[in-house]
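# Chains, contacts and geometry: an overview
Here are the chains, one letter per residue:
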Amino acid sequence: MDRLTSLDAFKAFTARLAMDPGRALPVIVISAGTCGRAGGANDLIKMAQRTILEDNLTHRLRLRVTGCHGFCETEPSLLVEPNRTFYPKIQPQDVARVVRAAARREAVGDLLPVDPRSGKPIETQEDLPFYQRQHRSVMARNEKVDPRRITDYLAIGGYGSLIRALEKRDPAWVVGEVKASGLRGRGGAGFPTGRKWEMLAARSADKGKYLICNADEGDPGAYMDRSVLEGNPHSIVEGMLIGAYATGATAGVVYVRNEYPLAIQHLTLALDQAREAGLLGEDILGTGFSFDIRIVKGAGAFVCGEETALIRSVEGEMGEPRQRPPFPVERGIGGRPTAINNVETWANIPLIIQEGGAAYAKTGTASSAGTKIFSLVGKVKNTGLVEVPMGMTIKEIVFDIGDGSRTREKIKAVQTGGPSGGCIPVDQFDLPIDYDSLTKAGSIMGSGGMIVMDEATCMVDLAKYFMTFLKDESCGKCFTCRKGTQRMYEILDDISKGKGTRETLDLLKELAEAVKDTTMCGLGQTAANPVLSTLRYFREEYLAHLEEGRCPAGVCKDLVGAPCQAACPIGTEAWKYVAHIARGEYEEAYRTIREANPFPSVCARVCSHPCEYKCRAGTTGGEAIAIRALKRFITDRIDPSIYKPVRSALPPGMDARIAVIGSGPAGMTAAHYLSLKGYKVTVFEKVSQPGGMLTTGIPSYRMPRETLQKEIACLLDQNVTLRLNTELGKDITLDGLQKEGYKAVFLAMGAHKSKLLNIEGEDLDGVYPALEFLQAFNLRGEKLAKRRVGVIGGGDSAVDAARVALRQPGVESVTILYRRTRQEMPALQHEIDAALEEGVKLVTLVAPVRITTENGKLAGVECIQNRLGDVDRNGRRNPVPIPGSEYAIPLDTLIVTIGDIPDVEYIASMGIAVDQWGTLLVDKGTLLTNKPGVFAGGDVITGPNTVVAAIAAGKKAATMIDRYVRGEPFKQPPTIRLPEVYLAPPEEGEEVQPQEARIALPTIPVTERRVSLKEVELTLGEADARREARRCMRCDLEFTRPPAEQGKNTERTEHPSHGSV
Amino acid sequence: MAKVVVASKALKPFDPAQAAKVIESQTRDHGGLISILEEIQLHYGYLPEGALRLVAEKTGRDLVDVYGVATFYRFFSLKPRGEHQISCCLGTACHVRGGALLAEEFQRQLGVKPGENTPDGKFSLETVACLGACALGPIVVGDGHYYSNVNSSRVKAIIQETLEGLKRKDPAADESLFPLTLHCPHCNHGLLDPDTPVDRQPSVRLLLAHQGRQGFLHLSRLYGSHGHSTQVEVPAGEVTDLYCPHCQALLNAPDDCPACGAARVALLLAGGGVFQVCSRRGCLEQTLDLDGRSF
Ligand code: FES
């Protein structure tokens, strides 16, 4: 392009650009920033070009290759103007269809994104929930320009703000506008930009004055500066030119990270083009104003985020900070006055001059004007760069724009401000984001990193992560920073290994505060933030590491060992039996299972398998090992008698009898382990069969009765007596039992009462609480369901009831009504799938308002449609009724449950403390109730929970009762169980990769299921089982060594430290 | 224009005369120690001891200052690096999505710790704090190529791909390669030569001159293929002059190559548009502008 030598020449040129007839053509926009390219944008570009050439569409549409648009999660994507049709995650082979349709100004329906709520396709980019609530004044320009074309920038009015400033011929006016805008530095500290400029303008320019654009983006996890520099470099050039005009600066520097090659490339090109066009350099547009910009590449040092260190680095020296004052505005580069602003701040300048400072200040809050770009990343569904007005709440950003958690784990916190910032827990997500509110909450705005963390993120590990970073990045000048970060790291490392006590946390806090108070620069002063804020909000998590030897998130290796084992409430060494299966050692596998679990066949069928959710084959991108199916394979094949438990005897003369109330998994487990320790145990069961909920609640097509009875029979040894049809409160009392000589009582009655809706008509004929319905069938064979059946609820008992109803004669249809969406149903996902396969209908987002009657008999239920409203504390959206959407569902049977509760009204009269829902109150550490010698565990204290949790409670009760009876202290140091036994991976046979598909569990045909109570799931074949077992990633091998290597260097690889690119 | 030296795979031995030239050019451009060292590292892949001494001597600085800068910044390396670089991101966003586990997997499979080279000199492994593609983490970069959403099961394949280099695409199978029909922008003469096929297609024939030698250069007409044959052997990294074989006009485009700064050649596309290719041997930069708008 020719050099423009006057303001008029500039205007004439841009007027010509505006008249380009090509501007009316449809445009295919391809986002090809670093993230777009990482996602495969280059292939899209080529396919689009190919189609345009082959179909001869050069004159029918245009192609624009741009920087990042912000919705990085959907890369590679296409945007078609002018309709603004957006196509996420496009495959190269689909590009041709989009291009051809665009030439006809049409959209390709099947490639459009689908609204997860309504299920309808979304026609334009603006309608995507991700963009709807954003206010994209900086980011929106990225998609409008090819960053390698100055003409694109000029065509959207680029450099117009510079012209406006030049035409005013009044630098002070420019400074005034920036001051009026209320713009504060977007790089972290939030210093008012206008004030900084005013100070610089006041300095003499005799020996030169400098402007710096800080593009060193030190916060690992924030990348908006890269995106803006890469996607719209001219906006930075223009911003700096305006700044130079306003302050009288003579030269500019862009200090940019070496890790951003594309940004450097685009900026270099932009500077060349601007110079060539007469917009940069000597005598800009013939006005006599001169200013030039050069690029300095940062060589990687976080401390260079500190102004004084950055200046040293620009000078080519070691980036050590120095004392301020003097501030850079007084003495900066080479001792000359210097003002530093970061990329995003500079990008806002042209906008301010264009619309005026006062207009700009209307967006945002009183103390923090304008918009802010956040890099919304981590465990959130929609990741990317989001630009929102200051003052928006974290909740809106994370849940409305980000659409909540990307995994089944709940969101726990966000981390803002990078290594200098802190964490904000989910219960404070109503916090409106601006500089001051974040500081008050113990974090900082920083450059806008917002890393979303879920329950699988460990806060101790996160603090340790930041301290690893900071100790490596500390420049070492201040002793307290150099040593303090090192020492904090060491303490955190100890905590992550379970070493330390409560006092360790006090020491850590004290140290953190000392570092904060006694260091010179920003790095040191803020280095304590990650520690202090996690200690402030997540102390419980720290304590779990120290006092229980447990990392709740399952991250800290030295406490977790193999994730499957750590996830199992009863500590089953899943990795070990899976390895045995791979090696064909089935009896060994059985022993491993049985060692931890007295109910192996039960758990092989109905366990909620938390191990699979934590399985590394699943959490690192593939599918979890089918651990439950493998357990089933073993328990179906191996005779239980091969396992001989270790028994011990009580000391002579000590004869202790224990009473257990309830013969469900919690009660029977406690009885079993107490028996192994030599106690005489009597188990009292209210109904005619043992098994508790396993018998009364779980239908036989999931849990065949014969298998269940066999398993219970195995546990009834010489020390255990079972007394059926004996009910506490009627046949026996607590005082009575204690008088009879029982040394301790374990209450494990479960939760056998369905929580009802509390609406009129629940006592009608044909309306049943789910557990009553199930019990009638499971114990007495009564078939209560008739014709059209409705089930209200979304938990396991609702799904069980629905599937049982479906198997009863005379039932025409079964419909489950649930108030939220399918994703939120608490029932096991594969059980819901099975129910749907069998023909159960599922209606979600409805709530019953009223039970309708006809002649005093049940006629149906009137429902109201719900929509998803605000997010609750658990990150779930609350259902909100839509007024006027009521409709009637005719029914002949209605089964109701919205959760189960203990049925123990009598217990309070025996002096046991109960909460408002009737669950028993116990000390969580000991399971002791308020009555001496009386323990309680399982569903009766938690409400409905999993079978494996009940078994865990039984085991714990046995330990605690034993300690109680022997008079030993309840509290004992935690044991950390890491894999110990080395099991070599099988040598023969083909190699199976973890990413191969997970084995599907065989089942009986659907047609057969509706007419019988046969067990639905079948056993895996041997070849399948061994193959599945060989997919295991063998996390245990990180902890064990072959016998030959033992004693040699067994040090494991440490957390890698930060090197360079 | 920033100069980026196209990295040649083989390590260059330290050559004091060459290093002196680098130092002088940077001192002339008022670059501080950092930019001098950057240039040297770009050239050698690391900072040889001899070069550090030379920098001290030429700039009149103490060796300890030079060493101080060289060790302060993560970018600099005092030991030679492997032929191929694998960088695992350990930025916060990548960390919470399993970056550390992934880095460990690379350590295990390569058998080295971050900052080290494999004994055969093939790989060096690095960990970095953020590569700016946080939304798609964990990120791994193999010789400049970004891999997003990486999980441990892909580690093996990434190592293999980095070792082999981005495979030259198979022109018969790859849909993203397509033929261009090109003309000289000066005489508008067609440039296709059916007699010397490249990628089994008529090639684009140009006249190449390099250090006094001349001959034809036949480029693949498949956009994205980079296939070519030539009569003049040109070492990698050298810049050549390219002419129209019909009107003998120098084909240089107004803008230099955005990747390496060498001159680019611009050719006209039948049906409108401009195809540009870099004149430096080994630089793969190509662009295709269908609407043919110049800057
Ligand atoms: S944190 Fe890994 S790319 Fe930013």
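What you see as residue numbers is a count from 1 along each chain, following the sequence as written. Each chain is given a letter, starting from A, and each ligand a number, starting from 1, according to the order in which they appear as written. Note on the predicted model: pLDDT of at least 70 is required for a residue's local features to be given, and 80 or more for side-chain atom pairs to be given and counted; whole-chain, interface and lining totals, by contrast, use all residues. Heavy atoms from the whole structure form the basis of all side-chain values; hydrogens and water molecules are not counted.

The next thing to look at is the packing of helix H10 (residues 224–231) of chain A against helix H12 (residues 261–276) of chain A. Residues and elements named next belong to chain A. Axis definition: a line fitted to C-alpha atoms, over the contacting stretch in the case of helices. Angles run 0 to 180 degrees between N-to-C directions. Put simply, DSSP marks the helices as runs of H or I at least four residues long and the strands as runs of E at least two long, and each gets a number from the N terminus on. Relative to each other, H10 and H12 sit at 35°, their axes nearing to 8 Å. Helix-helix and strand crossings are classified by hand; for H10 and H12 the assignment is left-handed. Of the residues in H12, those touching H10 at Arg226, Leu229 and Glu230 are Leu262, Ala263, His266 and Leu267. Residue classes follow a fixed rule: Ala, Val, Leu, Ile, Met, Phe, Trp, Tyr, Cys and Pro count as nonpolar, while Asp, Glu, Lys and Arg count as charged, and any other residue, Gly among them, counts as polar. Each residue belonging to the contact of H10 with H12 can be placed in one class, and the counts come to four nonpolar, one polar and two charged. Take the far helix as your reference; a near helix turned counterclockwise from it by less than a right angle gives a left-handed crossing, and one turned clockwise gives a right-handed crossing. Only heavy atoms matter for contacts: two residues are in contact if any of them lie within 4.5 Å across the pair.

The next subject is the interface of chain B and chain A. Listed by partner, the interface residues are 71 residues for chain B and 85 residues for chain A. Note on terms: buried area is the combined drop in 1.4 Å-probe accessible area of two parts once they are placed together, counting the loss on both. For the chain B and chain A pair, buried surface summed over both sides reaches about 6900 Å², with 56% attributable to carbon and sulfur atoms. Whenever a carboxyl oxygen of Asp or Glu lies within 4 Å of a side-chain nitrogen of Lys or Arg, that contact is scored as a salt bridge. In this structure, the connection of chain B to chain A is made through six salt bridges. The salt bridge involving arginine 149 of chain A is made with aspartate 289 of chain B; its shortest N-O contact spans 3.1 Å.

For leucine 136 of chain B, the location among the structural elements is in the loop between strand E2 (123–128) and strand E3 (140–142). Sequence spacing of leucine 136 of chain B and histidine 95 of chain B is 41 residues, and the spatial spacing of their C-alpha atoms is 12 Å. Not counting residues within four places of it along the chain, the set of residues in contact with leucine 136 of chain B comprises Cys35, Ala38, Cys72 and Glu73 of chain A together with Arg97, Ser148 and Asn149 of chain B.

Averaged over chain B, the pLDDT score is 85; the fraction of residues at 70 or greater is 90%. The complex model carries a pTM of 0.88, and its ipTM stands at 0.88. A score between 0 and 100, pLDDT records how confident the predictor is in each residue.

Turning our attention to the confidence of the model for chain A. All names here are of chain A. Looking at chain A, pLDDT values average 91 and 98% of them are 70 or higher. For chain A, per-element mean pLDDT is lowest for strand E28 (residues 900–901), which scores 79, and highest for helix H11 (residues 233–247), which scores 98. A low-confidence stretch, residues 1049–1061 stays under pLDDT 50, and its non-local contacts, those more than four residues away or across chains, total 42 contacts.

The next point concerns the pairing of strand E14 (residues 263–269) of chain B. Residue and element names in this part refer to chain B. Burial runs high along E14: five of the seven residues are buried. When DSSP locates at least two bridges between a pair of strands, those strands are taken to pair. By the bridge criterion, two bridges tie strand E6 (residues 182–183) to E14 in an arrangement that is antiparallel. Within E14, the residue paired with histidine 183 across the bridge is leucine 268. Relative to E14, strand E13 (residues 252–256) is paired through two bridges, and the arrangement is antiparallel. Paired with asparagine 252 across the bridge in E14 is valine 265. Counted along the chain from E13 to the antiparallel partner E14, the turn is six residues long, and its residue glycine 261 has a positive phi close to 85°. The sheet contact formed by E14 and strand E15 (residues 274–278) spans five bridges and is antiparallel. Note on E15: the bridge partner recorded for arginine 264 is cysteine 278. Linking E14 to E15, which pair antiparallel, is a turn of four residues; within it glycine 271 sits at a positive phi near 90°. Accessibility here uses a 1.4 Å probe with only protein chains present; expressed as a share of the type maximum, an area under 20% marks a residue as buried, one over 50% as exposed, and anything in between as partly exposed.

Here we come to the sheet that holds strand E4 (residues 85–87) of chain A. Residue and element names in this part refer to chain A. Across the sheet, four strands lie side by side as E2-E1-E3-E4; this open sheet has mixed pairing. Both edges of this open sheet fall to strand E2 (62–66) and E4, since each of them pairs with a single strand only. Across the sheet, the axes of successive neighbouring strands diverge by a mean angle of 20°, strand direction being ignored. Bridging between strand E1 (residues 27–31) and strand E3 (residues 78–81) involves four bridges; their strand directions are antiparallel. The partner of valine 27 across the bridge, within E3, is glutamate 81.

Our focus in this paragraph is the packing of aromatic side chains. Given two aromatic rings, one states the distance between the centres and the angle between the planes to describe the pair. What counts as a ring pair is set by centres within 6.5 Å for rings of Phe, Tyr and Trp (its six-membered ring), and what kind of pair is set by the plane angle: stacked under 30 degrees, edge-to-face over 60, tilted for all other angles. One pass over the structure, following the stated rule, counts 21 aromatic pairs over all chains. Ring geometry for phenylalanine 71 of chain A and phenylalanine 130 of chain A: centres 3.9 Å apart, planes at 10°, overall stacked. Note that phenylalanine 71 of chain A is positioned in the loop between E2 and E3 and phenylalanine 130 of chain A in helix H5 (residues 129–132), a separation of 59 residues in sequence. In this pair, the class of phenylalanine 71 of chain A matches that of phenylalanine 130 of chain A, namely buried. Centre to centre, the rings of phenylalanine 302 of chain A and phenylalanine 469 of chain A are 5.0 Å apart; their planes meet at 75°, and the pair counts as edge-to-face. A residue pair is termed long-range when its members are at least 10 positions apart, and phenylalanine 302 of chain A in the loop between strand E7 (292–298) and helix H13 (307–314) and phenylalanine 469 of chain A in helix H18 (residues 459–473) qualify at 167 residues. Grouping aromatic residues by their ring pairs yields a cluster made of Phe71, Phe86, Phe130 and Tyr131 of chain A. By definition, being over a ring means that NZ of Lys or CZ of Arg is both within 6 Å of the ring centre and within 35 degrees of the ring normal. Its end group placed over the ring of tyrosine 223 of chain B, lysine 46 of chain A keeps NZ or CZ at 5.5 Å from the ring centre. The residue whose ring lies beneath arginine 807 of chain A is tyrosine 701 of chain A, and the NZ or CZ to ring-centre distance is 3.9 Å.

With that settled, consider helix H6 (residues 99–110) of chain B. Residues and elements named next belong to chain B. Helix length check: H6 (twelve residues) gives 16 Å between terminal C-alpha atoms against 16 Å at 1.5 Å per residue, within 8%. The element H6 is largely enclosed, with a buried count of nine among its twelve residues. Along H6, the residues classified as buried are Gly99, Ala100, Leu102, Ala103, Glu104, Glu105, Phe106, Gln107 and Leu110. At the C-terminal side of H6, glycine 111 shows a positive phi close to 75°. Given the number of residues in a helix, its expected span is that number minus one, multiplied by 1.5 Å.

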